[in-house]
Structures are given as structure tokens and as C-alpha cells.
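Remarks on the overall topology
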Amino acid sequence: MPKSYPAEPYKIKVVEPIAMTTREQRLQSIQAAGYNTFLLNSAECYIDLLTDSGTTAMSDNQWAGMMLGDEAYAGSKNFIHLQEVVREYYGFKHIIPTHQGRGAENLLSRLCIKPGDYVPGNMYFTTTRAHQELNGATFVDIIIDEAHDSQIDLPFKGNVDIAKLQKLIDEVGPERMPYVCVAVTVNLAGGQPVSMANLRAVKELCAPLGIQVMFDATRCVENAFFIKEREATHHHKTIRDILKEMMSYADGCTMSGKKDCLVNIGGFLCMNDDELYQRASELVVLFEGMPSYGGLAGRDMEAMARGIEESVDYHYIEHRISQCRYLADQLEAAGIPIVRPVGGHAVFLDAKQFLDHIPQDEFPAQTLAAHLFVESGVRSMERGIVSAGRNKQTGEHHRPKLELVRLTIPRRVYTYAHLDVVAQACKDLYARRRSIQGMKMVYEPKFLRFFTARFEPLPVPVAQPQAAQVAELATA
């Protein structure tokens, strides 16, 4: 019997036309973009699954709130509202608004890290690690080993390995560890959650040693949903209560409001420590703006406050997770390798298995994302060796075990019918995957190369038949 998926818990009030392009047009577009989906124009994309960051469809309540924007330079009433909501739903004492999540990462890294420090985390995230390393820290991955295997199906693959964390503390000492960075959920592991028991264990280990626990809370509501679903002690609790308890095990957090706060721009840095807040208030004016707006308009802070309140509605978050599962179930039924279990914001194709004939140094995930766009107009994102960057000491590529293409589902934007199109495109491409050749990087920026790097298809081996799909991408 077919699975049942909940219908959209909203009705559509405004629509936006999207591009209907030909294969020839898409081929020209991807070539002009250097085979990097980040460099495509949105008007060239039919279904845009590049990211869920800032791509949310806001509610009528949020749009109404934007008309109440208080654009005072200091002490805006919208900041006061946002501060009240953050305290109520997350429980942190202090909030510093920022233009987006990486603004908060920058502040936290500058405030807390000194050269020679170590910052452990449950798998790296690109911008987070970049800020940590730019300020002189060494990132250490302390996620459980199973998170690096796409096919292991565990309920909480984002968990911190407590033994790894203890080992690092013993080796370097707590004085060289300004904080532990815990992502809830873990993006690059496939959107994997962290259990409440694990969050509590991390806090219990770190608190007596004076090591702060800072969450990357970008997708914390999704994490709360998985705790409710998978952790028996929390089945009966509301998303709101679970979220508040999660945050009680942290000393603060960075937040990209462009995800679970349901807005198109904005973020914040939270903390409970008064002295850290005072220092953050001084530093934010250099990079973002006054401590009461941090680079945001009053109307944006109002939309974010209302988005936080909407995000804990069970029907909303159940539907969001179900859209990911709907797409994943179709792909798994077709035998297409994906990261298991399915996370909360995306379905991740396992490009290393999908294109198992392409070596990792020929960028199989980047290649797969480019071909998927030409196949269907679906824009996706590489999350593999390109995103991992290089070792700053040796200059060698970081070679993550996970080589993935992320099909990221924006919040309240697409319907199940759109996801049918995505699934069919993946099936069609998988059927002729052997004809696909890898790529070489022809331009590599110094920082966060996945955003602006450019690529070219490798030449087709003489011994291999010139399949149409290969010829399309290899020749202009």
C-alpha cells in the first residue's frame, strides 16, 4: 500500500512564474557558468533546489509584520520583539542580530578564538570552519563514525562521539578549547539530527571544565521534530518545549534565520554570558551595525520574530520533513543511492556511488549537479571534495568520505508534483550514468571555492563511445 504524506498545511495566495527552458538553453547556461550551479542565474532554473537558505515563502502574517517596521537606527521596537521571542522560544539571555548566519560565526570566532586553539564539532560546515581557521583555530571532527557512511541508518547520526571529545580534551587541555560547536542538525552528514541525550552529555562533560557549548542552531526546529519522533522520552512533548530544552544545553548559538526562522535574510548570535555579550556588542558595530539591528532593517527583524513563532507549529514541520521523505522514497524505490536516513532539509544523492566510475579528484558530485541541471532544469548543490576545500598546511584537497549532491527543499515553496519532476530527472540520469565523464577545475578561489570555482568536462576517452550526453557537456 502506498505511503501517505500530509497535504500542505497552507493555501497558495501568490504565485511566481518559473522558467521553462530547453535542453539546448540549459547547456549554454551551464557552460557559461563554468559548470558551477552557484553561478547560474535563477531565471535559468526550473526547480531551484540549490539551497533552503533565504528561499522560504513567508506567510501573510510575516508580510503584514513587515509593514510595521520601525526603522529607527537604535532601539527599534522590532528588535525588542525579536529579543522577547528569542528569549521565550530559545531561552538565551542575550541576542545580537546579524545580517545572516556567517555574520554571527564571524563574531563568535573573533571573540572566542586565539591562535593555537582547537574547536571540535560534529562535522565541519564550510563557512563555520573557514571563520574558525581564519582566526587561528584547528577544527577537529568529533561526530560519530557512522555519520561518514551514507548507507548506515541510525536515528541520530549527528551525535557527538563523547569519547572523541574527551580524547581531544585530554590531548590539548580545556584551556585551548574555547567552545564546542554542535550543529543541530548536521548539514554535511545529510541533515542528520542530534539526540537530546547526546546534547545533555556534551554539556555535562564541558561545563565543569569551563568549555562553552555553542550550537549552530540553523535547523534546530527540524532537530526538535526528529527528537519528538525518535526519542521515546519526548514523544509526548511539543516541538516548542523540545526546542527550549535543546537550547538549555548550550551556552549560546549562531543562527542563520534564513532557514528555520522562515525569513529571506537575517541571523543572530545568542549567549548567556554577560561579559561575552558586552564584547559582542562592541565588535558588532565594526562588521554589522548597532547591537539592536546588526545589519537588518526593522521590518526584517519583525518577520523573523513572527517566523520563529510559526516554525514550531507541528503541522508545518511535519509537512516539511514529509516532503523530503516523499522525494527520497521515490529515489530509493528506483535504486538510486542516497544518504540514509533522510534528513530534514534535503535529500542527498550519493555521487560517489551514483558515478562510481569517476574518481573523487575528478569531482563526481560537481559533475552530477551539472548534468542534473542540463537534464531537467533542476538546480542542486555539490557537497563533496569541492566544498571541503584544501588543507591549509599541505595544500592538498580535503577528501571527505561523503561525496554528495544536495537536493535542498525550500520551505513552503514547492508542491509534491514538483518533487515528482525531480525524482524522474534523477531516474533518467541514473539510467545512463555510465556515459558521464568527470571534470577538472580551471579556476579556484582562495576561500570557499565551491561558490565561485569554474570547471570544464574532461575529454572523452578515445576508446569510449561518444554518447550524446557526454558530447553535450564536453563540446560547446
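Residues numbered from 1 in each chain as written. Predicted model: local features only at pLDDT ≥ 70, side-chain atom pairs only at ≥ 80, totals over all residues. Heavy atoms only, no water.

Observations regarding the packing of aromatic side chains
Considering all chains together, one arrives at twelve aromatic pairs under this definition. Between the aromatic rings of Tyr5 and Tyr416, the centroid separation amounts to 6.2 Å while the plane-to-plane angle is 50°, which identifies the pairing as tilted. In this pair, Tyr5 is assigned in the segment before helix H1 (23–32) and Tyr416 in helix H16 (residues 416–431), connecting sequence segments 411 residues apart. A residue is classified by how much of its surface remains accessible, and Tyr5, at 24% relative accessible area, is partly exposed. Three or more aromatic residues joined by ring pairs form one cluster here, namely Tyr5, Tyr326 and Tyr416. The side chain of Arg240 reaches across the aromatic face of Tyr89, ending 4.4 Å from its centre. Here the guanidinium or amino end of Arg433 rests over the ring plane of Tyr430, the centre of that ring lying 3.8 Å away. (Phe/Tyr/Trp six-rings, centres within 6.5 Å; stacked < 30°, edge-to-face > 60°. Helix = DSSP H or I, 4+ residues; strand = E, 2+ residues; numbered from the N terminus. Buried < 20%, exposed > 50% of the residue type's maximum accessible area, 1.4 Å probe, protein only. Lys NZ or Arg CZ within 6 Å of the ring centre and 35° of its normal.)

Section: the confidence of the model for the protein chain
Detailed reading of the predicted coordinates is not advisable wherever pLDDT is low. Mean pLDDT over the protein chain: 95, with 96% of residues reaching 70 or higher. Note that residues 466–471 has pLDDT below 50 and, in this model, 14 contacts with residues that lie over four places away or in other chains. (pLDDT = per-residue confidence, 0-100. Contact = heavy atoms within 4.5 Å.)

With respect to helix H12 (residues 314–333)
Its 20 residues place the ends of H12 28 Å apart at the C-alpha level, agreeing with the 28 Å of an ideal helix rising 1.5 Å per residue. Phi for Gly335, located one or two positions after H12, is positive at around 80°. (Expected span 1.5 Å × (residues − 1).)

Focus on the sheet that holds strand S11 (residues 381–383)
With antiparallel pairing, three strands are arranged side by side in an open sheet as S9-S12-S11. At either margin of the open sheet sits one strand with a lone partner, and together these are strand S9 (346–350) and S11. Ignoring strand direction, the axes of neighbouring strands in this sheet form an average angle of 35°. Bridge count between S11 and strand S12 (residues 404–408): three bridges; the pairing is antiparallel. The residue bridging Glu382 from the neighbouring strand is Val405, located in S12. (Pairing = 2+ DSSP bridges. Axes fitted to C-alpha atoms, helices over the stretch in contact; angles between N-to-C directions.)

Comments concerning the pairing of S9
The element S9 is largely enclosed, with a buried count of five among its five residues. Because side chains alternate across S9, one face comprises the buried residues Ala346, Phe348 and Asp350, and the other comprises Val347 and Leu349, equally buried. Pairing of S9 with S12 involves five bridges; the strand directions are antiparallel. Each bridged residue has a counterpart across the sheet, and for Asp350 the counterpart in S12 is Leu404.

Some words on the pairing of strand S7 (residues 252–256)
The buried fraction of S7 is high, at five of five residues. With burial as the criterion, each face of S7 is covered, one bearing Gly252, Thr254 and Ser256 and the other bearing Cys253 and Met255. In this structure, strand S6 (residues 212–216) lies alongside S7, joined through three bridges in parallel fashion. The residue of S7 that forms the bridge with Met214 is Gly252. Of the strand pairs in this sheet, S7 and strand S8 (residues 267–271) are connected by five bridges, and their pairing is antiparallel.

Some points on the nonpolar core
In this structure, Tyr90, Leu165, Phe215, Cys220, Phe268 and Ile308 are the most contacted members of the largest nonpolar core, which totals 62 residues. The element best represented in this core is helix H8 (residues 220–230), accounting for six residues. Phe215 has contacts with Val182, Val184, Leu199, Met246, Met247, Tyr249, Ala250, Gly252, Cys253 and Thr254, leaving out every residue within four places of it along the chain. Counting 35 residues, the second-largest nonpolar core is a separate cluster that includes Ile47, Val347, Val378 and Cys426. (Core = buried A, V, L, I, M, F, W, Y, C linked by side-chain atoms within 4.5 Å.)

Some thoughts on the side chain of His397
Mapped onto the elements, His397 comes out in the loop between helix H15 (385–388) and S12. Only 3.0 Å separates the side chain of His397 from the side chain of Arg449, close enough to count as a polar contact. In this view, His397 contacts Asp361, Phe363, Ile385, Gly389, Arg390 and Arg449; residues no more than four positions away in its chain are not counted. (Polar contact = N/O pair within 3.5 Å; in protein donor to acceptor, adjacent residues only side chain to side chain.)

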